[in-house]
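Notes for the structure review
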Amino acid sequence: MRNAALERRAIPTPSPRPLPWGLLIPSAITAAVIAAPMVFLIARALGRLPLTIAVLTAPRTIGLLAATLALAGAASSLSLILGAGLAYLVERTDLPGRRFWRVALALPLAIPPYLGAIVFLHVFSRGGVLDRAIGVAIPPHGFAGAAAVVGLYTFPYSFLFTSAALRHASRTLDEVAQTTGRSSARIFWTVTLPLLRPAVGAGLFFPSLYALADFGTMVLLRYDTLGTELYYQLTAFFDRSAAAAIGLQAIMLTLGFLWIEARLRGKRRFHPSDASWRPPAPRRLAGRKPAAMLAAGGILVLTLVVPIALLAAWAYAGLVHPTDVERLWASGSGAWAAAIRSLLLAATAATVIIALAVPPAYLRVRLIGWPAWAIWAACQTGYALPGIAVVLAVVSLINSMAPWLYGTLPVMIGAFMVRYLSAGLRAVDSGLTQLPQRLGEAARGLGQRPAATFRLIDLPLLRAHLVAGWVLVFLNVLKDLPVSLLLRPPGFDTLPVRTWLSATDGIYRQAALPGLLLIAAAALPLVILLHYAAQRGIEVG
Amino acid sequence: MRGFSAVVAAGLALLALTSAAPVVGQSGAVVVYSGRREPLILPLIERFRRETGMQVTVRSGAIGELANLVLEERNRPRADVVISNEVSVLEVLRREGVLDPYLGAAVRRIPPAYRAHDGTWIGLSARAHILMVNRDRLAWSRLRAPASMLDLVDEQWRARIVMPVYTNEYIVGWLSALRLVRGDRWTELFFARLRDVRPVLVAGGTQVRETISRGEAAVGVANHYYYHLQVAEGSKNIDIIYPDQGPDGMGVLFSPTGIGIVMGGPNPAGARRLVDFLAADRRAQEFYAKSNFEYPLLDGVPLHPSVRPLSKFTRMNVSYQQLGELRESTLKLVREGVLR
């Protein structure tokens, strides 16, 4: 994306037009809303520098930082190995059922890791499903369990990115390399791997972010990270003084992850020219086919079939044969209302966010200069704020500026904006970059007003990207736990909230129905997103 | 701009819809902030709804988060009632002046020891702060169950204890009680030694009982009903210990859960009816005793037969008012201790 911008700068811009205030003002407001919480949080941490330093240099904080980094390293490595390995199997070998695997292996993205953690606890704990069946218990607590759950439930990121990179790489490159007499091992290291570097970077980034910020999974699996510390700080009465310091550290860590991702992505871009592009020749698996099928199938069973089967069994048991305890306790009926709320919330947030992402994206295409870049940069801050840090930043800002706004729907939507507008913007921007500018200019030349040009020319061409961005935001909001848990108005329990409250109360069977509905609600948009991504080369992250 | 406007309009319409739809909770409903586990309170709320025809909206969460919310909303309260699993939080809210006194005839039937003297909060049920042990795990390590909370700092319990995180309300309340009984300096040292043996820290009592039942720790610090809930779920290898008994023992921390009406809340009449029902209705008290194994506060409501009766153990001699007063400085102690 950044390179695309540089290229665009080289194109001679048409004669200077008056500043497009109609774009500038809404974009500036959006940018301010997005950047304000982070700026406030950082100012707060720096404003109490002695405390911040004391917190950041305390042995406990350093221990948490080390634990977070270790988990990020382990989980993202596992995620990458699984995702890239499976992508290679699906795209570059003659594994049967390629079209099935392409969709199926992306579907675990519909299951948030905290749901995976609940399932793991019940399959692998002492007295769990496995223990009762064959007498084997592998308690999934602590470091190993947390790394396994995050790695397993985030591998589709690596799978999708690597698959896309492998699909777009042409066979011609390999063949050219072969004519130079290089060995196939050397071709892998010098040709294939550099092509995959951006996918590797993105594939490592998302699991790392989960390792840092996903307090739900870590609280359930009993592994303390900076994310759990933020959660405990946010839910402790009065004691939030150290939170800003921890939040600052989470931001810096995320920036570190982003830096690694950017380094891996590198400055180089590889453009297969359409004319010479040919699909790579698949490797023959021959006798290794059953083993490959078993590996792909095993991971799919573990990450998709087992969770759904277990949740379905619980939900069925809870609905049909409620135990005495369950009869006494609340029924599962709240799950359906929560599903409606979740869908409405995700749809509203996605609509608002994508609509607000259009002006800044246009601004960047139309206007070169510091205002456009300042606004663009401000809109990117969401990437640096993991979910629980967004909540912390929004809570501190709201409390000191407008406490009466706390726990209202607009604040929830605002928090989702802070978190996901950057991602939505990326989708809209990738569409605008591909838009033939001449068409719009021709329309303007024929006397159409900008609004009409947008409606008649740009919107139809942008539609796919807008839909993809919308679905992406929708999906993320649907699965989000921190914002809905800590910023929701009374009575606005969403599916993740219902799942979480039941799980932390120890009534896992009651987490089943909302969990199942959440997976069902996420699966359909995910399939739509994959469809668009495959068609238009849109990034899913 | 038509397409774009349509998208925006659809978004606004959705926003309006979400604000108005019954899925958001109805206007005129009694709004409850509840720090208690949902299974312990929702069935009663449901019964209240059925009998009175009044709507109730519940926001469950950690009591710390909800108490913060009540304070932050003090100029525009949105909650009518706050239910706390820990008494010192209610005491802090009382001293902050965000609770509305209510001493209706019904709530006066709760013994004065278990409600604020000015009627700002009323006890619902009471719990004992105890130890639970995993018998197999003790036998495996050839350890004897501790008889006192003070034994926990012993080296033999290194990495074998499970308890809620130090900022958890129960732990803050417990440390405040120790300060009252043993003094500040002593408690500070005790807390430092406790951290030295590196207990496993979890989110709350539910996680304590799960960890103990699976044998992943030998001894757990929690409220008594978590033991009974775990036994009700089928665990056979766990025991409960009421620590610090005997003539020299300081006794068990025994404290109520409670409910308070938020000052200036939107539905004071509904709030009072709900408080009457949850505190003083016999069926509510029977529910606390029967389903959650708690100590009922209303005369004549029987204790669950498997729970140790009040007459059979010594309680710590602390006033809840003092626990509330110490709360903030105890948190400071915890914070500084953890930082060190």
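Please read all numbers here as calculations on a predicted model, not as lab measurements.

1. Notes on the overall build of chain B
Within chain B one finds 12 helices and 11 strands. Its C-alpha atoms give chain B a radius of gyration of 22 Å, within 12% of the compact-globule value 20 Å for 340 residues. Considering chain B as a whole, with its 340 residues, one finds that 52% of them fall into the buried category. Taking all contacts inside chain B whose residues are at least 6 apart in sequence as the whole, residues at least 24 apart take part in 75%.

2. Considerations on the domain arrangement of chain A
All names here are of chain A. Looking at the assigned domains, one finds that chain A contains domain 1 (18–47 + 329–541) and domain 2 (53–267 + 289–319). For domain 1 and domain 2, the distance between their C-alpha centres works out to 23 Å. Put simply, the parts of the chain that give the side of domain 1 that touches domain 2 at least two residues each are α2 (21–47), α18 (387–401), α23 (495–504) and α24 (508–536). Of the residues forming the side of domain 1 that touches domain 2, the biggest block, 14 residues, is contributed by α24.

3. Quick word on helix α19 (residues 409–433) of chain A
All names here are of chain A. Under the 1.5 Å per step criterion, the end-to-end length of α19 is 33 Å for 25 residues, consistent within 8% with the ideal 36 Å. A maximum bend of about 55° is found in α19 at Tyr420. The buried count for α19 comes to 19 of 25 residues, which makes it a mostly enclosed element.

4. Digging into the packing of α2 of chain A against helix α16 (residues 334–366) of chain A
A packed helix pair is summarised by two numbers, namely the angle formed by the two axes and the spacing between the axes. All names here are of chain A. Interaxial distance between α2 and α16 falls to 8 Å at its minimum, and their mutual angle equals 115°. Handedness of the crossing formed by α2 with α16: left-handed. Seen from α2, the contacting residues are Leu23, Leu24, Pro26, Ser27, Thr30 and Ala31; seen from α16, they are Leu356, Pro359, Pro360, Tyr362 and Leu363. Looking at the contact of α2 with α16, its residues break down into nine nonpolar, two polar and no charged.

5. Points about unusual backbone geometry
The backbone phi angle of Arg222 of chain A is positive, close to 60°, even though this residue is not glycine. Despite not being glycine, Phe293 of chain B has its phi angle at roughly 55°, a positive value. Positionally, Phe293 of chain B belongs in the loop between α11 (282–291) and β11 (295–296).

6. Describing the environment of Val411 of chain A
All names here are of chain A. Take Val411: it is sitting in helix α19. Residue Val411 is classed as buried on the basis of its 20 C-beta neighbours within 10 Å. Counting along the chain gives 35 residues from Val411 to Leu446, while the straight-line C-alpha distance between them is 43 Å. Residue contacts for Val411: discarding those within four places in its chain leaves Val394, Ile398, Leu405, Tyr406 and Leu487.

7. Re the packing of α18 of chain A against α19 of chain A
All names here are of chain A. At a closest axis distance of 10 Å, the pairing of α18 and α19 adopts a crossing angle of 130°. Considering their axes alone, α18 and α19 lie oblique with respect to each other. The chirality of how α18 crosses α19 is right-handed. Note on element contacts: α19 touches α18 through Val411, Gly414, Ala415, Val418 and Arg419, opposite Gly387, Val390, Val391, Val394 and Ile398. Looking at the contact of α18 with α19, its residues break down into seven nonpolar, two polar and one charged.

8. Description of the pairing of strand β2 (residues 56–60) of chain B
Residues and elements named next belong to chain B. For β2, the tally of buried residues reaches five of five residues, placing the bulk of the element in the interior. The alternating pattern of β2 places Val56, Val58 and Ser60 and Thr57 and Arg59 on opposite faces, both of which are buried. By the bridge criterion, five bridges tie strand β1 (residues 30–34) to β2 in an arrangement that is parallel. Residue pairing in the sheet places Val30 in a bridge with Val56 of β2. What joins β1 to β2 is helix α2 (residues 42–52), and the crossover it makes is right-handed.

Definitions and limits used
- Residues numbered from 1 in each chain as written.
- Chains lettered and ligands numbered in written order.
- Predicted model: local features only at pLDDT ≥ 70, side-chain atom pairs only at ≥ 80, totals over all residues.
- Helix = DSSP H or I, 4+ residues; strand = E, 2+ residues; numbered from the N terminus.
- Rg over C-alpha atoms; globule rule 2.2 N^0.38 Å.
- Buried ≥ 20, exposed ≤ 12 C-beta atoms within 10 Å, placed from the backbone.
- Contact = placed C-beta atoms within 7 Å.
- Domains from an automatic or database assignment.
- Expected span 1.5 Å × (residues − 1).
- Bend = angle between axes of the 7 residues up to and from the residue.
- Axes fitted to C-alpha atoms, helices over the stretch in contact; angles between N-to-C directions.
- Left-handed = near helix turned anticlockwise from the far one by under 90°.
- Nonpolar A, V, L, I, M, F, W, Y, C, P; charged D, E, K, R; others polar.
- Parallel < 35°, antiparallel > 145°, perpendicular 65-115°, else oblique.
- Pairing = 2+ DSSP bridges.
- Right-handed = clockwise from strand over helix to strand, strands pointing away.

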